[in-house]
2 protein chains.
Amino acid sequence: MSGIDSRLERVLAPVAEGVGRMRTVLERQIEESSGAVGDMTDHVGRFRGKQLRGALVLLAGDATGNATDEHPAIAAIVEMIHLATLVHDDVLDGASVRRRVACVNQRWDNQTAVLLGDFLYARAFALSTDLSSRLASRVLSETTRRICVSEIEQAARRYDFDLGEKAYEEISGGKTASLYSAACELGARYPGGRDEAGLLMRRFGWEIGLAFQIVDDCLDVVGDEAVVGKSVGNDVEDGKITLPVLRAYTLADERSRGLVRDVFTTPGIERRAARLRDVCDLSGGVEYAMARAGELVASACERLQALEPSPARDALAHLGAFVLERRW
Amino acid sequence: MSGIDSRLERVLAPVAEGVGRMRTVLERQIEESSGAVGDMTDHVGRFRGKQLRGALVLLAGDATGNATDEHPAIAAIVEMIHLATLVHDDVLDGASVRRRVACVNQRWDNQTAVLLGDFLYARAFALSTDLSSRLASRVLSETTRRICVSEIEQAARRYDFDLGEKAYEEISGGKTASLYSAACELGARYPGGRDEAGLLMRRFGWEIGLAFQIVDDCLDVVGDEAVVGKSVGNDVEDGKITLPVLRAYTLADERSRGLVRDVFTTPGIERRAARLRDVCDLSGGVEYAMARAGELVASACERLQALEPSPARDALAHLGAFVLERRW
């Protein structure tokens, strides 16, 4: 077992029982009377991901002394929302179908991916309405709205090198950190009240989630495809300006900036991420972005000092280190 | 004004004020701090549809003496869910992009349509969690789940001429009638209790909604494109076996059945719906399907007799007639 695998194991260990219950809820919710839906979910390999977001609900509950019997169900709902966003991310633009055909789910088409994602969202919301408190429905529907808005904003600002780091963090945070943040807040607050613990964990989750996204963005430009386990360079292909690229662009002189823009926008360029390394200081950009991720994790871990010592609190700190060390 | 326009006007007249309030809620909900989302929603012409589903919440409330201040908000939520399903229906399979490019939203790509639909779903659920009772969240998340499952089932049973009328009604009903049914039930029951009125209106909504879908399916095979206002023949292109086709197939002899299957499945055939008319008794199928729609509307209207006479009750009966007479 590699160091990073054992790190992940240490994160999940204190809530192993809750994670098991979360998975049971998840499987039962996804099982459907409809054979057609079952066929689809059986084949979505992503149903067995790291499930970090769900685990965060449980860890935040334990670390703040707020675990309830409903926490595993909330964790399952959070994972279902995450799965829905992943499934919808697979839907391709007509124009990019040919270029990226290898990434498309080979067995189902776009419309089916849309329907499966919608099914997961609906199932998640339906499950949340069965809980004793409405807090989860409220926080998670608002979070889902924010994820969508951030993804729409991100699409609208493709190729926009004037994005700025603040807007980058707002958009990337809204897209990714908001669900981490909601998971942590619900863990600490559900079924209600406990505003202080909720706010603390909400901020912790935001910082960890934003760091996670920044690391993801770095892996997309410099990661090893075999290790990352998915194709890299997708953001550049899609015209997304991520923090490492934004920083490299800022550091570049006028002529190199022109070349960077050309790499992003000239039709027919192959392997844009590799090209990018030739025309600007991409490793300098990655170094800067990783430092920012480190800063966010440090701030998040600092917040944990306000909590009583516990295995769950330690696991949350390990999670911070895991986010920075992971290579996939 | 044509007869059918004035029919629609008579349906909406008793709840004109509520419809106005519903539209205000709808506009406010769709307005978003995000400029990018606003740009998109501004251009979705469908935001000004017939809004029958929303009106049904209000009519069912009035007809059962159950109107509350929250009914217009529920009506707006129902319309938002309907809009989300329409926006997601526009997402095309890569393979069909070329063939149907004229139908695709010219300004945004598939991924954007997915995100806009997700935004509308999330906004709808978020709004429902602000209501005083959880009934709307529960009924509408379960209804959305059912819509998705039915659409997945429909996709799974393309080209399946052994579908049978019962399965057709379950799938078409789940896809369309379930939201009519939920709108009527919520109108009659919200904020809770009142099971008898709820059940009555739930059944009314199911029958009206299923009739609406059957008429839609008939218009798709025999409608006049200029009148229907959208391209016809889409179901045949997509391989969907609808009631008029199913009936025509059942009526046909073995040889004609083979020809019908060929029209559906031979690659490269143009104008499949027109071809279908040449190889089977499509008008006989349409006649049968329209008779079934008439039967459903008659049963729905019969149910209204249990309610006190009122302008809203009359409007619901007009709605039944409108569903059968509409040509678009």
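Residues numbered from 1 in each chain as written. Chains lettered and ligands numbered in written order. Predicted model: local features only at pLDDT ≥ 70, side-chain atom pairs only at ≥ 80, totals over all residues.

## Here we look at the interface of chain A and chain B
Right, on to step 1. Taken together, the 40 residues of chain A in the interface contact 39 residues of chain B.
Right, on to step 2. For the side of chain A that touches chain B, the secondary structure elements donating two or more residues are α3 (35–42), α6 (110–128) and α7 (135–156) of chain A.
Right, on to step 3. The greatest single-element share of the side of chain A that touches chain B, amounting to 13 residues, is contributed by α7(A).
Right, on to step 4. Split by residue class, the side of chain A that touches chain B holds 19 nonpolar, 10 polar and 11 charged. (Contact = placed C-beta atoms within 7 Å. Helix = DSSP H or I, 4+ residues; strand = E, 2+ residues; numbered from the N terminus. Nonpolar A, V, L, I, M, F, W, Y, C, P; charged D, E, K, R; others polar.)

## Notes on the environment of A:Ala122
Right, on to step 1. Take A:Ala122: it is sitting in helix α6.
Right, on to step 2. Between the C-alpha atoms of A:Ala122 and A:Ile81, which are 41 residues apart in sequence, the distance is 9.1 Å.
Right, on to step 3. The contact partners of A:Ala122, leaving out residues within four places of it in the chain, are B:Ser141, B:Thr144, B:Arg145 and B:Cys148.

## Looking at the relation of the copies chain A and chain B
The second copy of the chain is related to the first by a rotation about an axis and a shift along the axis.
Right, on to step 1. For these two chains of identical sequence, chain A goes onto chain B by a turn of 180° and a shift of 0.0 Å along the axis, with RMSD 0.0 Å. Considering both components of the superposition, the chain copies are consistent with a two-fold axis. (Least-squares fit on C-alpha atoms with pLDDT ≥ 70 in both.)

## Description of helix α8 (residues 165–189) of chain A
All names here are of chain A.
Right, on to step 1. Its 25 residues give α8 an end-to-end C-alpha distance of only 31 Å, which falls more than 12% under 36 Å, the value for a rise of 1.5 Å per residue.
Right, on to step 2. Along α8, the helix axis deviates most sharply at Gly-174, where the bend reaches about 55°.
Right, on to step 3. Among the 25 residues that make up α8, 20 are buried, leaving the element largely enclosed by the rest of the structure. (Expected span 1.5 Å × (residues − 1). Bend = angle between axes of the 7 residues up to and from the residue. Buried ≥ 20, exposed ≤ 12 C-beta atoms within 10 Å, placed from the backbone.)

## Concerning the packing of helix α13 (residues 254–265) of chain B against helix α14 (residues 272–279) of chain B
Residues and elements named next belong to chain B.
Right, on to step 1. It is the contact of α13 with α14, at a shortest axis distance of 10 Å, that shows an interaxial angle of 175°. Classed by the angle they form, the pair α13 and α14 counts as roughly antiparallel. In this structure, α13 uses Ser-256, Leu-259, Val-260, Val-263 and Phe-264 to contact α14, whose residues at the interface are Arg-272, Arg-275, Leu-276 and Val-279.
Right, on to step 2. Each residue belonging to the contact of α13 with α14 can be placed in one class, and the counts come to 6 nonpolar, 1 polar and 2 charged. (Axes fitted to C-alpha atoms, helices over the stretch in contact; angles between N-to-C directions. Parallel < 35°, antiparallel > 145°, perpendicular 65-115°, else oblique.)

## Some thoughts on the confidence of the model for chain A
All names here are of chain A.
Right, on to step 1. Mean pLDDT over chain A stands at 88; residues scoring 70 or higher make up 88%.
Right, on to step 2. Mean pLDDT in chain A bottoms out at helix α10 (residues 225–228), which sits at 60, and peaks at α8, which reaches 98.
Right, on to step 3. Counting interchain partners and residues more than four positions distant, the pLDDT-below-50 stretch residues 97–107 has 9 contacts.
Right, on to step 4. Our summary of model confidence lists the complex with pTM equal to 0.92 and ipTM equal to 0.90. (pLDDT = per-residue confidence, 0-100.)

## Some thoughts on the nonpolar core
Right, on to step 1. Grouped together as the largest cluster of nonpolar side chains are 201 residues, with contacts concentrated most on A:Leu59, A:Ile77, A:Ala183, A:Ala211, B:Leu59, B:Ile77 and B:Ala211.
Right, on to step 2. With sequence-adjacent residues up to four places away left out, A:Ala211 is seen in contact with A:Ala293, A:Leu296, A:Val297, A:Val323 and A:Leu324. (Core = buried A, V, L, I, M, F, W, Y, C linked by C-beta atoms within 7 Å.)

## Comments concerning the environment of B:Met201
All names here are of chain B.
Right, on to step 1. Summarising the element assignment, Met-201 is placed in helix α9 (residues 195–222).
Right, on to step 2. Given 31 C-beta atoms within a 10 Å radius, Met-201 is considered buried.
Right, on to step 3. Each C-alpha atom of the pair Met-201 and Glu-185 lies 5.4 Å from the other, and the pair is 16 residues apart in sequence.
Right, on to step 4. Apart from residues lying up to four places away in sequence, Met-201 is in contact with Ala-60, Thr-64, Cys-184, Glu-185, Gly-187 and Ala-188.

## Comments concerning unusual backbone geometry
Right, on to step 1. Here A:Tyr190 and A:Pro191 are connected by a cis peptide whose omega angle stands at 10°.
Right, on to step 2. Inspection of the secondary structure assignment puts A:Pro191 in the loop between α8 and α9 (195–222).
Right, on to step 3. Located in the positive-phi region is B:Tyr159, a residue other than glycine, with phi close to 65°.
Right, on to step 4. With respect to the helices, strands and loops of the structure, B:Tyr159 is situated in the loop between α7 (135–156) and α8 (165–189).

## Some points on the packing of helix α4 (residues 52–63) of chain A against α8(A)
Residues and elements named next belong to chain A.
Right, on to step 1. In the contact formed by α4 and α8, the axes pass within 7 Å of each other and the chain directions differ by 30°. The angle between α4 and α8 falls in the class roughly parallel. In terms of crossing hand, the pair formed by α4 and α8 is right-handed. From α4, Arg-53, Leu-56, Val-57, Leu-58, Leu-59, Ala-60 and Gly-61 reach across to α8, where they touch Leu-179, Tyr-180, Ala-183, Cys-184, Leu-186, Gly-187 and Ala-188. (Left-handed = near helix turned anticlockwise from the far one by under 90°.)

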